[in-house]
Amino acid sequence: MRKYSKIFGKGTLNPTRLQLVTGVIWKALIGVSEARHGKLRPYVIAHMLNLRRRTPLPISDDCCGNLIMPIIARFTPENKKSYYNLKFQDFSFLLRNAITNVEKECRKLQNGDDLFSTVKNAWKEFNREFDRKETDAYFFTSVCKTPFDLDFGWGKPTRTCHVQSDVELITLNDSRDGEGIEARICLDETTMQFFEQDHDIIAFTLPEQQHDGPSFLRSRC
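Note that the coordinates shown come from a computational prediction; the quantities given were computed from them, not determined experimentally.

Here's the deal with the packing of aromatic side chains
How two aromatic rings sit relative to each other is set out by the distance from centre to centre and by the angle between their planes. Under the counting rule described, the total for this entry stands at 7 aromatic pairs. For the ring pair Phe75 and Phe91, a centre distance of 5.3 Å and an interplane angle of 55 degrees mean the geometry is tilted. Of this pair, Phe75 sits in strand β2 (residues 68-75) while Phe91 sits in helix α2 (residues 88-106); the two residues are 16 residues apart in sequence, bridging distant segments of the chain. The residues Phe75 and Phe91 share a single accessibility class, namely buried. Ring pairs connect the aromatic residues Trp123, Phe126, Phe130 and Phe139, which therefore count as one cluster.

Let's talk about the pattern of salt bridges
Going through the model one piece at a time under the given rule, you end up with 9 salt bridges. As a salt-bridge pair, Arg54 and Glu103 come within 2.7 Å of each other at their nearest N and O atoms. You can see Arg54 sitting in the loop between β1 (43-50) and β2 and its partner Glu103 sitting in helix α2, a full 49 residues away along the chain. Using a relative accessible area of 27% as the deciding quantity, one classes Arg54 as partly exposed. The residue Arg132 makes a salt bridge to Glu129 at a minimum N-O spacing of 3.3 Å. Using a relative accessible area of 7% as the deciding quantity, one classes Glu129 as buried.

Brief notes about α2
A rise of 1.5 Å per residue sets the reference length of α2, with its 19 residues, at 27 Å; its end C-alpha atoms lie 28 Å apart and thus fit the reference within 8%. All buried positions along α2 are accounted for by Phe88, Gln89, Phe91, Ser92, Phe93, Leu95, Arg96, Ala98, Ile99, Val102, Glu103 and Cys106. Buried residues in α2 make contact with α1 (17-37), β1, β2 and α5 (199-204).

Some details on the nonpolar core
Formed by 46 residues in total, the largest nonpolar core has its most connected members in Ile25, Leu172 and Phe195. Ranked by the residues each element gives to this core, the list is headed by α1, at 10 residues.

A closer look at the environment of Asn101
As for its placement among the helices and strands, Asn101 is situated in helix α2. Once the C-alpha coordinates of Asn101 and Ile71 are considered, the two residues, 30 residues apart in sequence, prove to be 9.5 Å apart.

Some points on the confidence of the model for the chain
Across the chain, the average pLDDT comes to 80, with 76% of residues at 70 or higher. Low pLDDT, under 50, characterises residues 5-12; the predicted model gives this stretch 10 contacts beyond four residues in sequence or across chains. Within the model, pLDDT remains below 50 along residues 209-214, and this stretch shows 8 contacts once partners closer than five positions in the same chain are excluded.

Brief notes about the side chain of Ser33
Along the polypeptide, Ser33 turns up in helix α1. Residue classification places Ser33 among the buried residues on the basis of a relative accessible area of 7%. Within the structure, the side chain of Ser33 is placed 2.5 Å from the side chain of Asp136, a separation counted as a polar contact. If sequence neighbours within four positions are ignored, Ser33 has contacts with Gly38, Lys39, Arg41, Tyr43 and Asp136.

A look at the packing of α1 against α2
It is at 7 Å that the axes of α1 and α2 come closest, and there the two elements cross at 120 degrees. With respect to each other, α1 and α2 are oriented oblique. By crossing handedness, the relation of α1 to α2 is classed as right-handed. Residues Leu18, Gln19, Leu20, Thr22, Gly23, Val24, Trp26, Lys27 and Ile30 of α1 lie in contact with α2, whose contacting residues are Phe88, Phe91, Ser92, Leu94, Leu95, Arg96 and Ile99.

Focus: the environment of Asp198
Tracing the backbone shows Asp198 in the loop between α4 (189-195) and α5. Taking the relative accessible area as the measure of exposure, Asp198 reaches 8% and is therefore buried. With 166 residues separating them in the primary sequence, Asp198 and Val32 have C-alpha atoms 8.4 Å apart. Look past the residues within four positions of Asp198 in its chain and what remains in contact with it is Ala28 and Tyr83. A distance of 2.9 Å separates a polar side-chain atom of Asp198 from the backbone nitrogen of Asp200. Engagement of the side chain of Asp198 in a polar contact is seen with the backbone nitrogen of Ile201, the distance being 3.1 Å.

Quick notes on the rules
Residues numbered from 1 in each chain as written. Predicted model: local features only at pLDDT ≥ 70, side-chain atom pairs only at ≥ 80, totals over all residues. Heavy atoms only, no water. Phe/Tyr/Trp six-rings, centres within 6.5 Å; stacked < 30°, edge-to-face > 60°. Helix = DSSP H or I, 4+ residues; strand = E, 2+ residues; numbered from the N terminus. Buried < 20%, exposed > 50% of the residue type's maximum accessible area, 1.4 Å probe, protein only. Salt bridge = Lys/Arg side-chain N within 4 Å of Asp/Glu carboxyl O. Expected span 1.5 Å × (residues − 1). Contact = heavy atoms within 4.5 Å. Core = buried A, V, L, I, M, F, W, Y, C linked by side-chain atoms within 4.5 Å. pLDDT = per-residue confidence, 0-100. Polar contact = N/O pair within 3.5 Å; in protein donor to acceptor, adjacent residues only side chain to side chain. Axes fitted to C-alpha atoms, helices over the stretch in contact; angles between N-to-C directions. Parallel < 35°, antiparallel > 145°, perpendicular 65-115°, else oblique. Left-handed = near helix turned anticlockwise from the far one by under 90°.

Right under this line is the structure:
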């Protein structure tokens, strides 16, 4: 997948590894939706954005607590007649553009009230989009590049991840060797069966040892 991060058009910002991996997963989920509904449907995903260092406000790196807001990226079928007319790179760009637009707005924030209002409105939009019955929606979260330097006396862990989720959720984190991104994907059983057969998922990922519960995938980055 590294080659895809370097060959996008000149004059554009190359998608990050996280955006590329998200694009692959998002496209596969849209394929599942088409298989189940018989047509392409509008689709939204939400990614969490860390607001630290993205606003002009003086926020200490040591300040306790999460400072995040959801970013909504949207896909509308328009003239796309089938899943097979789609490319995962297109979804990477949809996410990248959504992140870029939010970051621009964050740089305009003048005070804490502006920050609070922006985060509040983002969560309202998140709830509104995820309540639409005619739209498919999934939630992504990432702890990539988060420094989990843990050692409780038994050595560093082989894997750091979220516990099993009762909701459909995609969690991304760095692989231990730093060479890839692991995706922990919680889907219902029928959706998972379709998802694991997607040709991009097969081509770009390495299944980890089977676990009871959600699937683990490691990107070929």
